[in-house]
Amino acid sequence: MSETMRALAMFAAGGPEVLQVREIARPKIERPSDVLVRVIAAGVNPADWQNRKSGQRHDPYAPTGSPTILGIDGVGVIEDIGGN
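On a predicted model such as this, the values are computed, not experimentally measured, just so you know.

Considering the environment of Pro16
Phase 1: Turning to its location among the elements, Pro16 is positioned in the loop between strand 1 (4-10) and strand 2 (20-25).
Phase 2: Note: C-alpha distance between Pro16 and Met5 (11 residues apart in sequence) is 21 Å.

A few points about a nonpolar patch on the surface
Phase 1: Together, Val35, Val37, Val39, Ile78 and Ile81 make up a nonpolar patch on the protein surface, roughly 450 Å² of accessible area in all.
Phase 2: Contributions of two or more residues to the nonpolar patch are made by strand 3 (35-43) and strand 5 (73-81).
Phase 3: It is strand 3 that provides the largest number of residues to the nonpolar patch, a total of three residues.
Phase 4: With respect to the helices, strands and loops of the structure, Ile78 is situated in strand 5.
Phase 5: Note on Ile78: relative accessible area 57%, which makes it exposed.

Quick word on the pattern of salt bridges
Phase 1: Summed over the entire model, instances satisfying the criterion amount to four salt bridges.
Phase 2: Between Asp34 and Arg31 there is a salt bridge whose closest N-O contact spans 3.5 Å.
Phase 3: Across the pair Glu79 and Arg38 runs a salt bridge, and its minimum N-O distance is 2.7 Å. With a gap of 41 residues between them, Glu79 in strand 5 and Arg38 in strand 3 connect regions that are remote in the sequence.
Phase 4: Taking relative accessible area as the criterion, Arg38 reaches 42% and is therefore assigned partly exposed.
Phase 5: Salt bridges here are not isolated pairs; linked through shared partners, they connect Glu30, Arg31 and Asp34.

Definitions and limits used
- Counting restarts for each chain, with residues numbered from 1 along the sequence as it is written.
- Per-residue local features of the predicted model are confined to residues with pLDDT of at least 70, and side-chain atom pairs are confined, for both listing and counting, to 80 or more; whole-chain, interface and lining totals are unaffected and use all residues.
- Where side-chain values are given, they derive from all heavy atoms of the structure, hydrogens and water being excluded.
- Think of it this way: any DSSP run of H or I at least four residues long counts as a helix, any run of E at least two long counts as a strand, and we number them from the N terminus.
- Patch definition: residues with relative accessible area over 30% and no salt bridge; like charges joined within 9 Å; nonpolar side chains (Val, Leu, Ile, Met, Phe, Trp, Tyr) joined within 5 Å.
- Per-residue and other accessible areas were derived by the Shrake-Rupley procedure at a 1.4 Å probe size, with only the shown protein chains allowed to occlude residues.
- Within this document, salt bridges are pairs made up of a side-chain nitrogen of Lys or Arg and a carboxyl oxygen of Asp or Glu, the two lying within 4 Å of each other.
- Partly exposed residues are those whose accessible area sits between 20% and 50% of the maximum for their type, while under 20% is buried and over 50% is exposed, using a 1.4 Å probe and protein chains only.

Here it is in structure tokens:
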């Protein structure tokens, strides 16, 4: 499996022009409750576009300065799981 993934990312709040498709590091399992999913299809829903407009993050564990990744809704295949 690749060490990177494509993501719909934003580094600042704003209109659709702030969205960028970026190659980023693939997440790692760090907590017992983590699940890593290889996403087959994702959607940008109203919560995503509200986050885009306001700059609010939905990932409380994201490092400071990292992009906000949009696409809360998705479907895929479980690749890895934490201990729980």
